[in-house]
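Take a look at the letters that make up each chain.
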Amino acid sequence: MLFLLAMACGPGLSAEDARQAVLDAAVEANPPGRSGIELIGKSRWVEGPMFNRECVQQKNLAFADTPADRADSRAGTQRISPTYQNQHWITTSTDMGWCVLMGENVKVEAREPAINQESWMVPVVFTIEDPSPWFECLESNWTNRTVQVSADEQGLPLFEADLDVLPGACPTPMPTGEDRPTGSLPRIKPSKPPTQSDIHAAMKRFDDALWEHDWLAVLDNTSCYNLVEDKKYGSCTASEFVQMGPHPRGDQRMGDGNPWTEFVIADLDAKLRVSPDPKHKTMFHVTVSHKRSGKTRGFAVEWVDDSWKIVSIVPAYGADLTTARVMYDLHKGDKRAIFWDRMAGEEIDEEGNPLDPYASEDEEEE
């Protein structure tokens, strides 16, 4: 936000007049509440010019590329790629990118001005309550700024400055969803199998939450298995879904990710085939015919907390944000056997091959 400010403060322009004018403008530009900053882009690399390259890598927040090494640019904006370990600070998205939680209640300090010919130079320092590790890696010129203030013809403070320390389209307050919970596998089996109507209703609840970008509602309407975590059931955050989009509703909206239905079904009222999981009595497999190929594809629903929920699975680290999947075909016996072996702690990948003990997420990003 750019400010061109004139304040009635009597004849002349004192240092205190200049300082107070800047302070008031900075407070207005940074409303109270949970605050985030926008990372522009929705792929492996997103723009992160506000972050110190060495800091984000030392804190394992993100990988950073070198603009000079890119084929398409030698002087472009610094780009970063959040690590899985710290992507959970991303609690919502915008049309253009992702929002990283920085903390709560930006604090502004306007310090003693220094005179510079006919202007006052007002130092401004920004801090935040309960900062996330991401805030701690902001470049110093983002959190420490100097505003030049002069007087207009009436002796009123006049300045032009960007005083929004966390610019972008992120909402204030930022939604929650950064904590990575864990849970216990559902054990209470339903009194009867889900009907077509039950499953369609669960699909609609999940899809509506994605359409509204209400990531907490998404989490509430899924039974999530996170296979990259040690404690695998229920350990999902909003960040595992911000790349997921709703089922297509006409033209795709800017900001929506690939649909959770993966272009398999024509509409959410499609005819479904339902079968129980052979061992886990809370889970039922739902299969459909692919709208183009005719091949059988499937997802699952599960009885959790007295309602049917869509099963989502985080199968592996992603090249960009690690993201859950729904169309995971657990109706297939071999796929299901590998899945439950991994849930039991066996060190194998999605294909059932032993994991390389020397592999790292860093190598997977290459």
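Residues numbered from 1 in each chain as written. Predicted model: local features only at pLDDT ≥ 70, side-chain atom pairs only at ≥ 80, totals over all residues. Heavy atoms only, no water.

### Here we look at the nonpolar core
Rule in force here: Residues belong to a common nonpolar core when they are buried Ala, Val, Leu, Ile, Met, Phe, Trp, Tyr or Cys residues joined through side-chain atoms within 4.5 Å. Classification of residues uses two cut-offs on accessible area relative to the type maximum, computed with a 1.4 Å probe and protein chains only: under 20% is buried, over 50% is exposed, and between them is partly exposed. A run of H or I in DSSP counts as a helix once it spans at least four residues, and a run of E counts as a strand once it spans at least two, with each numbered from the N terminus.
Counting residues in each nonpolar core, the largest one holds 83 residues, and the members touching the most others are Phe51, Met102 and Leu163. It is helix H1 (residues 15–29) that contributes the most residues to this core, eight residues altogether. Counting 13 residues, the second largest nonpolar core, distinct from the first, contains Leu227, Ala300, Ile313 and Met343.

### Some words on the state of the cysteines
Here is the rule we go by: Whenever a pair of cysteine sulfur atoms sits within 2.5 Å, that pair is classed as a disulfide.
The full count for this structure, using the stated rule, is three disulfides. Note on cysteine connectivity: cysteine 55 is disulfide-linked to cysteine 137, with sulfurs 1.9 Å apart. One disulfide, between cysteine 55 and cysteine 137, carries an S-S torsion of -70 degrees and so falls in the left-handed class. Here cysteine 55, found in helix H2 (residues 53–58), pairs with cysteine 137, found in the loop between strand E9 (119–129) and helix H3 (140–143); they are 82 residues apart in sequence, far enough to count as distant. Here the two residues cysteine 55 and cysteine 137 agree in accessibility, since each one is buried. Disulfide partner of cysteine 224: cysteine 236, at an S-S distance of 1.8 Å. Across the disulfide from cysteine 224 to cysteine 236, rotation about the S-S bond amounts to roughly -50 degrees, and the bridge is consequently left-handed. With cysteine 224 in strand E13 (residues 222–226) and cysteine 236 in the loop between E13 and strand E14 (244–245), the pair connects residues that are twelve residues apart, well separated along the chain.

### Focus on the side chain of serine 223
The condition is simple: Contacts between residues were defined by any pair of non-hydrogen atoms, one from each residue, lying within 4.5 Å.
Its place among the elements puts serine 223 in strand E13. When its relative accessible area of 0% is taken as the criterion, serine 223 is described as buried. With residues up to four places along the chain from it excluded, the contact list for serine 223 reads Pro186, Tyr233, Glu302, Val304, Lys309, Ile310, Val311 and Ser312.

### Some remarks on the pattern of salt bridges
In plain terms, the rule: Any carboxyl oxygen of Asp or Glu within 4 Å of a side-chain nitrogen of Lys or Arg constitutes a salt bridge here.
In the structure shown here, the tally under the stated rule is 16 salt bridges. A salt bridge links arginine 325 to glutamate 262, with the nearest nitrogen and oxygen atoms 3.1 Å apart. With a gap of 63 residues between them, arginine 325 in the loop between strand E19 (307–314) and helix H6 (333–343) and glutamate 262 in the loop between strand E15 (258–259) and strand E16 (273–276) connect regions that are remote in the sequence. Relative accessible area serves as the criterion here: at 28%, arginine 325 is assigned to the partly exposed category. With a relative accessible area of 27%, glutamate 262 lands in the partly exposed category.

### Description of the confidence of the model for the chain
Rules: Confidence scores per residue from the predictor, reported as pLDDT, run from 0 to 100.
Here the chain shows a mean pLDDT of 91. Residues at 70 or above account for 91%. Per-residue pLDDT stays below 50 along residues 1–11; that stretch engages in 36 contacts with residues further than four places along the chain or on separate chains. Taken as a whole, residues 360–366 scores under 50 in pLDDT and shows 15 contacts with residues more than four places along the chain or in a different chain.

### Digging into helix H4 (residues 196–211)
Because each turn of an α-helix spans 3.6 residues, side chains separated by three or four positions end up pointing in the same direction. Put simply, the test is: Helix span is expected to be 1.5 Å times the residue number reduced by one.
Taking 1.5 Å of rise per residue, the 16 residues of H4 would be expected to cover 22 Å, and the 22 Å separating its terminal C-alpha atoms lies within 8% of that figure. All of the buried residues along H4 are Ile199, His200, Ala202, Met203, Phe206, Asp207, Ala209 and Leu210. Within two residues after H4, histidine 213 carries a phi angle of roughly 55 degrees, on the positive side.

### Structural notes on the layout of surface pockets
Put simply, the test is: Within this scheme a cavity is a closed region of a 1 Å grid, computed over the protein atoms alone, that accommodates a 1.4 Å probe without allowing it to escape, whereas a pocket is open but has protein on both sides within 12 Å along at least five of seven lines; lining residues each have an atom within 4 Å of a point. Grid points are joined across faces, edges and corners, and a volume is the space filled by probe spheres set on the points. Note on residue categories: nonpolar means Ala, Val, Leu, Ile, Met, Phe, Trp, Tyr, Cys or Pro, charged means Asp, Glu, Lys or Arg, and polar means any other residue, Gly included.
Here the second largest pocket defines a volume of roughly 400 Å³. Residue lining of the second largest pocket: 22 residues in total, with Gln243, Asn258, Thr323, Ala324 and Arg325 positioned closest to the centre. Classifying every residue of the lining of the second largest pocket gives ten nonpolar, six polar and six charged.

### Some details on the pairing of strand E7 (residues 97–110)
What counts here: Here, any two strands with at least 2 DSSP bridges between them count as paired.
Where burial is concerned, most of E7 is hidden: ten out of the 14 residues are buried. Looking at chain direction, strand E2 (residues 34–40) and E7 are connected through seven bridges and run antiparallel. When the sheet's bridge partners are listed, isoleucine 40 is paired in E7 with glycine 97. Between strand E6 (residues 90–93) and E7, which pair antiparallel in sequence order, lie three residues. Sheet analysis places E7 next to E9, joined by six bridges and oriented antiparallel. Bridged to valine 106 within E9 is isoleucine 128.

### What about unusual backbone geometry?
In most cases, non-glycine residues show a negative phi, while peptide bonds are predominantly trans. The omega torsion across threonine 172 and proline 173 is 5 degrees, close enough to zero to call that bond cis. Examined against the element boundaries, proline 173 turns out to sit in the loop between strand E12 (160–162) and H4. Positive phi outside glycine occurs at asparagine 105, with the angle close to 65 degrees. Looking at where asparagine 105 falls in the secondary structure, it is placed in strand E7.

### Structural notes on the packing of aromatic side chains
Worth spelling out the cut-off: Pairing of aromatic rings covers Phe, Tyr and Trp, the last counted by its six-membered ring, and requires centre-to-centre distances within 6.5 Å; plane angles under 30 degrees mean stacked, over 60 mean edge-to-face, and any other angle means tilted.
One pass over the structure, following the stated rule, counts ten aromatic pairs. Ring plane angle 75 degrees and centroid distance 4.9 Å describe the contact between phenylalanine 339 and tryptophan 340, whose orientation is recorded as edge-to-face. We classify phenylalanine 339 as buried; its relative accessible area is 1%. Of the aromatic side chains, those joined through ring pairs into one cluster are Tyr225, Tyr233, Phe339 and Trp340.

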